[in-house]
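Architecture and fold: a report
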Amino acid sequence: MTLFRQLMLTIIAIFSLMLAVVMGINFNTTKGYLIGQLESTTQDSATSLSMSVSDFMALEDYASVESSINAVFDSGYFSEVRIHVYDTDKDISRSNETIINGVPSWFIQLIDFKVPVAKAVISNGWSELGQVYITGSAGYGYNQLWLATRDLLISFFVIGAITLIVGSFALRYLFQPLVELEKQAEAIQQRRFMKMTNVPKTRELKSVVLSMNRMAEKLEKEFASEVETAQWLQAKAFKDPVSGLGNRSFFESQIKSHFAERERGTDGLVFVSLADLGKLNNERGYESADMFIQATADILSKKVAMISSFTTLARLSGADFVLLIPNVDHSQLKHIVQDIMSDLMELNTASISYSIAVANIGAVTIDGSVERASAMSQADTALREAKREGANTYKVFDLNVSRNVSINRTQWKDILESVIKRQAFKLKKQKVSTLDDSPVTSQEEVFMGLEHAGKEYHAGYFIGLAEQFDLGDQIDKVIVSQVIHYIKSKHPSVPLTVNLSASAYAKPEFIDWLKQILAQQTAEVKSKLMFEVTEQSVLLEETQANVLAQMLKSQRVLFGIDNVGKQFSAFQYLQTLMPDYVKVDSSYTRMAAGKESESFFMHTLCKMFNSLNIEVIATGVESERQLTALRRFDVTGVQGYFVGRAQDM
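Scope of this entry: the structure provided in the associated data block. Every value quoted in this text rests on a predicted model; they were computed, and no experiment measured them.

1. Focus on the sheet that holds strand β6 (residues 312–315)
With respect to topology, 5 strands assemble into an open sheet ordered β6-β7-β5-β8-β9, the strand pairing being mixed. Looking at which strands have only one partner, the edges of the open sheet turn out to be β6 and β9 (394–399). The sheet shows a mean angle of 10° between the axes of neighbouring strands, direction not considered. Pairing analysis gives 6 bridges linking strand β8 (residues 359–366) to β9, with the strands arranged parallel.

2. Observations regarding the pairing of strand β7 (residues 320–325)
Counting buried positions along β7 yields 5 of 6 residues, so the element is predominantly enclosed. Taken together, the 6 bridges between strand β5 (residues 267–274) and β7 define a ladder with antiparallel strand orientation. Looking across to β7, one finds that Val 272 is bridged to Phe 321. Sheet topology note: the β6/β7 ladder contains 4 bridges and is antiparallel. Within β7, the residue paired with Arg 315 across the bridge is Phe 321. Connecting β6 to the next strand, β7, in antiparallel fashion are 4 residues.

3. Notes on a nonpolar patch on the surface
A contiguous nonpolar patch, built from Ile 154, Val 158, Ile 162 and Val 166 and spanning about 360 Å² of accessible area, is present on the exposed surface. The exposure class of Val 158 is partly exposed, given its relative accessible area of 45%.

4. Some details on the pattern of salt bridges
Under the defined criterion, the tally for this structure stands at 15 salt bridges. Residues Asp 470 and Lys 507 are paired through a salt bridge, measuring 3.0 Å at the closest nitrogen-oxygen approach. Within this pair, whereas Asp 470 is found in the loop between α13 (459–468) and α14 (472–490), its partner Lys 507 is found in the loop between α15 (502–505) and α16 (508–519), the two being separated by 37 residues in sequence. Between Glu 532 and Lys 583 there is a salt bridge; the shortest N-O distance is 3.3 Å. You can see Glu 532 sitting in strand β14 (residues 529–534) and its partner Lys 583 sitting in strand β16 (residues 581–584), a full 51 residues away along the chain.

5. A closer look at unusual backbone geometry
Of note in the backbone geometry, Asp 89 takes a positive phi value of approximately 55° without being a glycine. Tracing the sequence through the fold places Asp 89 in the loop between β1 (78–85) and β2 (90–95). Located in the positive-phi region is Asn 327, a residue other than glycine, with phi close to 55°. Within the secondary structure, Asn 327 is located in the loop between β7 and α10 (330–349).

6. Let's talk about helix α12 (residues 409–422)
Residues spaced three or four apart along an α-helix point in a common direction, a consequence of the helix completing one turn every 3.6 residues. In this model, α12 (14 residues) spans 20 Å end to end at C-alpha, consistent with the 20 Å of a helix rising 1.5 Å per residue. Of the positions making up α12, those classed as buried are Trp 412, Ile 415, Leu 416, Val 419 and Ile 420. Considered in projection along α12, the buried side chains sweep an arc of 130° and stay on one side of the axis. Turned more than 90 degrees away from the buried face of α12, the exposed residues are Thr 410, Lys 421 and Arg 422. Check the buried side of α12 and you find it contacts β11 (441–452), β12 (455–458), α13 and α14. Positive phi shows up at Gln 423, right after α12, with a value of about 50°.

7. Topic: the pairing of β5
Among the 8 residues in β5, 8 count as buried, and that is most of the element. Here β5 shows no split at all, with Asp 267, Leu 269, Phe 271 and Ser 273 on one side and Gly 268, Val 270, Val 272 and Leu 274 on the other all buried. Across 8 bridges, β5 lies against β8 in antiparallel orientation. Considered in β8, the bridge of Asp 267 is made with Ile 366.

8. Let's talk about the sheet that holds β1
Within the open sheet, the 4 strands sit side by side as β2-β1-β4-β3. Their pairing is antiparallel. The sheet is open, and its two borders are formed by β2 and β3 (117–124), each paired with just one other strand. Each strand axis lies, on average, 15° off the axis of its neighbour in the sheet, ignoring direction. Taken strand by strand, helix α1 (residues 3–52) contacts β1, β3 and β4 (127–136), and its axis lies near 15° from that of β3.

9. Some details on the packing of aromatic side chains
By convention here, two paired aromatic rings are described through the distance between centres and the angle between planes. If you walk through the whole model with that rule in mind, you get 10 aromatic pairs. Ring geometry for Phe 107 against Trp 146: centres 5.2 Å apart, planes inclined by 65°, an arrangement best described as edge-to-face. One end of the pair, Phe 107, is in helix α4 (residues 105–110); the other, Trp 146, is in helix α5 (residues 138–189), with 39 residues separating them in the sequence. Trp 146 carries the same exposure label as Phe 107, and that label is buried. Each residue in the set Phe 27, Trp 106, Phe 107 and Trp 146 is aromatic and connected to the rest through ring pairs, giving one cluster. The lysine or arginine in question, Arg 82, covers the ring of Tyr 133, its NZ or CZ lying 4.2 Å from the ring centre. Over the ring of Tyr 457 we find Lys 455, and its NZ or CZ is 5.9 Å from the ring centre.

10. Quick word on the packing of helix α8 (residues 277–284) against helix α9 (residues 286–307)
At a closest axis distance of 6 Å, the pairing of α8 and α9 adopts a crossing angle of 145°. Here Leu 277, Leu 280, Asn 281 and Arg 284 of α8 come into contact with α9, specifically with Tyr 286, Ser 288, Ala 289, Phe 292 and Ile 293.

11. Some words on the nonpolar core
Formed by 103 residues in total, the largest nonpolar core has its most connected members in Phe 425 and Leu 514. A total of 8 residues in this core trace back to one element, the largest contributor, which is α14. If you look at the next biggest cluster of nonpolar residues, it comprises 33 residues, including Val 272, Leu 300, Phe 321 and Ile 325.

12. Describing the side chain of Arg 315
Residue position: Arg 315 is located in strand β6. Residue classification places Arg 315 among the buried residues on the basis of a relative accessible area of 10%. A polar contact is formed between the side chain of Arg 315 and the side chain of Asp 240, at a distance of 3.1 Å. Leave out the neighbours within four places in its chain, and Arg 315 touches Asp 240, Val 242, Ser 243, Leu 245, Gly 246, Asn 247, Arg 248, Ile 293, Asp 320 and Phe 321.

13. Examining helix α19 (residues 542–554)
Between the first and last C-alpha of α19 there are 18 Å, a value that for 13 residues agrees with the 18 Å anticipated at 1.5 Å per step. Those residues of α19 that fall on the buried side of the exposure criterion are Gln 544, Ala 545, Leu 548, Ala 549, Met 551 and Leu 552. Burial along α19 is one-sided: seen end-on, the buried residues are contained in an arc of 165°. Packed against the buried residues of α19 are α15, α16, β14, α18 (535–540), β15 (558–564) and α20 (573–577). One or two positions beyond α19, positive phi appears at Arg 556, with a value near 60°.

How each quantity is defined
- Residues numbered from 1 in each chain as written.
- Predicted model: local features only at pLDDT ≥ 70, side-chain atom pairs only at ≥ 80, totals over all residues.
- Heavy atoms only, no water.
- Pairing = 2+ DSSP bridges.
- Helix = DSSP H or I, 4+ residues; strand = E, 2+ residues; numbered from the N terminus.
- Axes fitted to C-alpha atoms, helices over the stretch in contact; angles between N-to-C directions.
- Buried < 20%, exposed > 50% of the residue type's maximum accessible area, 1.4 Å probe, protein only.
- Patch = residues over 30% accessible without salt bridge, like charges linked within 9 Å, V, L, I, M, F, W, Y side chains within 5 Å.
- Areas by Shrake-Rupley, 256 points an atom, 1.4 Å probe, with all protein chains shown as cover.
- Salt bridge = Lys/Arg side-chain N within 4 Å of Asp/Glu carboxyl O.
- Expected span 1.5 Å × (residues − 1).
- Arc of directions from axis to C-beta.
- Contact = heavy atoms within 4.5 Å.
- Phe/Tyr/Trp six-rings, centres within 6.5 Å; stacked < 30°, edge-to-face > 60°.
- Lys NZ or Arg CZ within 6 Å of the ring centre and 35° of its normal.
- Core = buried A, V, L, I, M, F, W, Y, C linked by side-chain atoms within 4.5 Å.
- Polar contact = N/O pair within 3.5 Å; in protein donor to acceptor, adjacent residues only side chain to side chain.

Don't take any of this as a statement about function, it's just geometry.
Take a look at the structure:
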């Protein structure tokens, strides 16, 4: 119960107690007064009547006595006036049934009003002739008691209502700093270090607010230090200081992770080698050489941004760069290499390169059947062939052994549109287990594929083309609909996680559609549904990612970020999005089981995520050794082929 309600109930309780006490005192006082007044009136009337009828009694004029009784009865609130005559031993009386008007029956039954009976002796000289008995009427007493009680109750209720209304506004005004403090505490818990600018004047509240502001400032500095440490370690381990790109260690960790995936599409591997970098360094100095490297890195980075956010770009050595481009066919790769070479040639025009000879490029197209060592070797062979032919030349080899890419772009577009129309994607799910002594499945990630001409194709074959055809949002709508239908029909015991593409949630209409769909679902269905997006897509569409995250939170649907740590990011987006969990890129899972320097970086990442109350899930777990190594860190869940393979839904 809120403090506001507690105080309001306390005020009501105190007010009710005051009402009961005042009512009791007032009721007893009024009742005593009325009884006393009635006793006095009846006694006076009895005495007066005894004196007025004494002569009539002596003369035995009982008609006059009866007239006197009637006169007295009609002049006051009496229920009975009676004279007992000693000589005849008879009574002369006048009485009437007590009728109480305007008083509720429950009030009459509740109140015991004792009616007084007054007596007086009728005498004439020394002789006693009779006795007068006058009984008061309870009607008057009940009526006066009811009126007094009713008026007091009405007055108290009116005053109480006014007091509560005014008091509620006053309390809300006084409690406003507490409301702001509550918001500040929740924000700090989510690592949003807001500070209260309106400091209350109340001494106690002022002290609390100032203390909270100091704590927020201190925590903000500590978290900024954690982020800075993680960035420094990431840059130290994986970033080339001259080009700003990933270094050889970064590329090796990424390519190992990529080739470890069981379901890969058609990829492109590109080697770029700058010409005469050593001569440029020796004759013009290291600054000219660094400018040549940085200009090349800028060209490659811009090209990567145009191709795909999932492309891995790194500097292998002094003059050598490498690109790993997922989901690209042979003709696309040739076009990309040609564009890169054309852009690099402009460095000679700008007098950045040593001579007209700028670079050579070797590239290969590979499918899921090609091993990492073979791909690297063939790309190196292509580069050597290009160098043999002369300056500024390139070679692009095709290593698609299984020839699954025989379907051309136009055919893929028709196939995808057909599957979308029929809502016929093949779905699989892979479990995420808790990392404890008795592991249980915490969620299951949904993967998609399709079937064409009797052959199954996983998403790696067509997802890149789907993005190029602007079909990402349509595919995601179908997947979401299929998963919701599965939840309703199969009633899974754990939530199912759906990956959303950047091209989908980048469109406001898709988020509106998803919100409408979720609003139509029951709480049980929404509890079995989760969504996640990749870190690469968040960095591209951070504003829309925030809109998506806030919408999912409003619908009480859990939300996560995948491939965290794969990009050189500042991690500040975590404070904005505040996901329920993150899935650390599989390359860090391998580092966790590697050298101490590499595992320390994993420890720093986990510490930072846990300081934000974000659960950490390690992906790409392939061995017992990795699973054992991960137990040293603040990891809550694991996913990979060692934990469980993808199963058909």
